[in-house]
Amino acid sequence: MVSRAPLLLTLGSLLVSTAPAGLLAQATQVVMLGTGTPNPDPDRSGPAVAIVTGGRAYLIDAGPGLVRRAAQAARDRKIDALRARNLGIIFITHLHSDHTVGLPDLIHTGWVADRPAPLEVYGPPGIEAMVHHLTEAWAEDIAVRTDGTQPHTAEGWKVNATTVVPGRIYRDSNVTVEAIPVPHTSWKSAFGYRFTTKDRVIVVSGDTRGSDAIAEACNGCDVLLHEVYSADRFKTIPLEWQRYHAGSHTSTTQLAAIAGKARPKLLVLYHQLYWGATDDDLLAELKRAGYQGPAVSGKDLGIY
Ligand SMILES: [Zn+2]
Ligand SMILES: [Zn+2]
C-alpha cells in the first residue's frame with residue numbers, strides 16, 4: 001500500500017511535518033495520549049493512542065489520564081476530534097487495569113462535556129461486564145445529573161459495548177479495524193489492532209510477548225506501534241519479574257527481529273519498560289540487535 005501521508009522529516013526523535021495545514025488536517029494522525037505502563041510515571045500517562053482520521057478520533061486503550069491528554073492535544077495541536085465531547089469510540093486491547101482504569105473517566109467526563117451519543121466500546125470477552133459494572137458503580141452520579149437541574153445530554157452516559165473476536169471487527173467511511181490475537185501473560189484474549197484508513201495502515205501491538213502475529217499484520221505498514229522492554233536492563237530485575245515479563249512483553253532484541261519482518265515505514269516504541277534505560281538506549285539496543293529501519297521512542301503527545 002502506498003502511503004499518501006505528508007512528508008515527515010526526522011529531527012532527532014522529533015517528527016516535523018512539512019505538509020501545509022490543510023493537507024495535514026486530512027492526513028491520518030497517530031497521537032500518543034499515553035505511552036506509560038502500570039508504573040505511575042508523572043511524564044507518561046497510561047497506555048492510550050488516538051488515530052485521528054476523517055475528523056474523528058479512534059482511541060486504543062483507556063490508560064489513566066487519557067481524557068486530559070486528549071484535551072491537551074485538542075488545545076495545543078488544534079485537534080478538535082480530541083475534545084472530550086468528541087471522544088466517541090474506543091478499542092480496548094485487553095482488560096489489564098493499566099489499559100482500562102481510564103474507562104470511567106472517558107465515559108463520565110465525556111458525558112459532562114456534552115457527548116451527544118453513547119460511547120462505543122470494543123474489547124475482548126469481559127468488556128461488556130466491565131462496562132455494565134462501571135455504569136452501576138456510577139449510578140448515583142448518573143441519577144443526580146439526570147434528575148437534577150444540570151444541563152445534560154440524554155444519551156451521553158450510556159455505553160454500547162461489543163465483544164471483539166479475531167478478524168475484521170469494525171468498519172465505517174473512515175476506517176477498517178481488524179483484531180489480531182496476541183499472546184500476553186495468561187490472558188485468554190488479548191488483541192493488537194490494525195487500522196486501515198484512506199491514506200495509512202497503522203498497527204498497534206497492545207501488550208504482547210514477542211510474536212510473529214504483529215509482524216504479519218504490519219507487513220510493510222505505515223506505522224507500527226509496538227510495546228517494548230530493555231533487554232539490557234532485564235538482567236537487573238528480580239528473577240520472578242524476569243519470568244513474568246518474559247511471558248508478557250517484548251524485549252528490544254525480540255522487537256528487532258519482529259520489526260525486521262514487519263518492515264514498517266516508521267516503528268514507534270510505546271509502553272516502554274526502561275528499568276533505568278533511556279529512550280536512546282532502547283533505540284541503540286534495537287540497532288545492535290540488527291534493526292536498521294526508521295524508529296522513534298514514543299512520548300506522550302507525540303504525533304506520528
Ligand atoms: Zn500494559
Ligand atoms: Zn497487559
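Anything mentioned here points back to the structure above.
A brief structural summary. Here the structure is a predicted model, which is why all the values come from computation and not from measurement.

### Quick look at the layout of surface pockets
- Reported here for the second largest pocket is a volume of approximately 250 Å³.
- Split by residue class, the lining of the second largest pocket holds 6 nonpolar, 8 polar and 2 charged.

### Structural notes on helix α3 (residues 103–112)
- Across the 10 residues that make up α3, a large majority, 7, are buried.
- Where α3 is concerned, the buried positions are Leu-103, Pro-104, Leu-106, Ile-107, His-108, Gly-110 and Trp-111.
- One or two steps after α3, the chain reaches Asp-114, where phi turns positive at roughly 90°.

### A short note on the sheet that holds strand β5 (residues 56–60)
- Spatially, the 6 strands line up as an open sheet ordered β3-β4-β5-β6-β7-β8, and their pairing is mixed. Looking at strand neighbours, the two that pair on one side only are β3 (29–34) and β8 (159–163), the edges of this open sheet. Between one strand axis and the next, the sheet turns by 20° as a mean value, whatever way the strands run.
- Sheet analysis places β5 next to strand β6 (residues 89–91), joined by 2 bridges and oriented parallel. Paired with Ile-60 across the two strands is Phe-91, which belongs to β6.
- Sheet contacts for α3: β5, β6, β7 (119–123) and β8; angle to β7, the most-contacted strand, approximately 165°.

### A look at the coordination of the zinc ion (ligand 1)
- Bound to the zinc ion (ligand 1) on the protein side are Asp-98 (OD), His-99 (NE2), Asp-207 (OD) and His-271 (NE2), at distances that span 2.1 to 2.2 Å.
- For the zinc ion (ligand 1), the 4 donor atoms are set out with angles of 86 to 162° between them, so the coordination reads as irregular.
- Written as a sequence motif, the donor residues of the zinc ion (ligand 1) are D-H-x107-D-x63-H.
- In this structure, the zinc ion (ligand 1) is positioned 3.5 Å from the zinc ion (ligand 2), and both are ligated by Asp-207.
- Classification of Asp-98 by relative accessible area gives buried; the value is 7%.

### Some details on the coordination of the zinc ion (ligand 2)
- The zinc ion (ligand 2) binds to the protein through His-94 (NE2), His-96 (ND1), His-184 (NE2) and Asp-207 (OD), with metal-donor distances spanning 2.1 to 2.3 Å.
- For the zinc ion (ligand 2), the 4 donor atoms in the first shell make angles of 94 to 157° at the metal, so the coordination geometry reads as irregular.
- Taken in chain order, the donor set of the zinc ion (ligand 2) reads H-x1-H-x87-H-x22-D.
- On the basis of relative accessibility, which here comes to 1%, the residue His-184 falls in the buried class.

### Considering the state of the cysteines
- A complete count under the given rule lists 1 disulfide for this structure.
- Across a sulfur-sulfur distance of 2.2 Å, Cys-218 and Cys-221 are joined as a disulfide pair. Across the S-S bond linking Cys-218 and Cys-221, the dihedral sits near -85°, which makes this disulfide left-handed. Judged on exposure class, the residue Cys-218 and its partner Cys-221 are both buried.

Parameters at a glance
- Residues numbered from 1 in each chain as written.
- Chains lettered and ligands numbered in written order.
- Predicted model: local features only at pLDDT ≥ 70, side-chain atom pairs only at ≥ 80, totals over all residues.
- Heavy atoms only, no water.
- 1 Å grid on protein atoms, 1.4 Å probe; cavity = no way out; pocket = protein on both sides within 12 Å on 5 of 7 lines; lining within 4 Å.
- Points joined across faces, edges and corners; volume = space filled by probe spheres on them.
- Nonpolar A, V, L, I, M, F, W, Y, C, P; charged D, E, K, R; others polar.
- Buried < 20%, exposed > 50% of the residue type's maximum accessible area, 1.4 Å probe, protein only.
- Helix = DSSP H or I, 4+ residues; strand = E, 2+ residues; numbered from the N terminus.
- Pairing = 2+ DSSP bridges.
- Axes fitted to C-alpha atoms, helices over the stretch in contact; angles between N-to-C directions.
- Contact = heavy atoms within 4.5 Å.
- Donors = N, O, S within 2.8 Å, 3.2 Å for Na, K, Ca; no water.
- Tetrahedral: all angles 85-135°; square planar, octahedral: opposite > 155°, others 65-115°.
- Disulfide = S-S within 2.5 Å.

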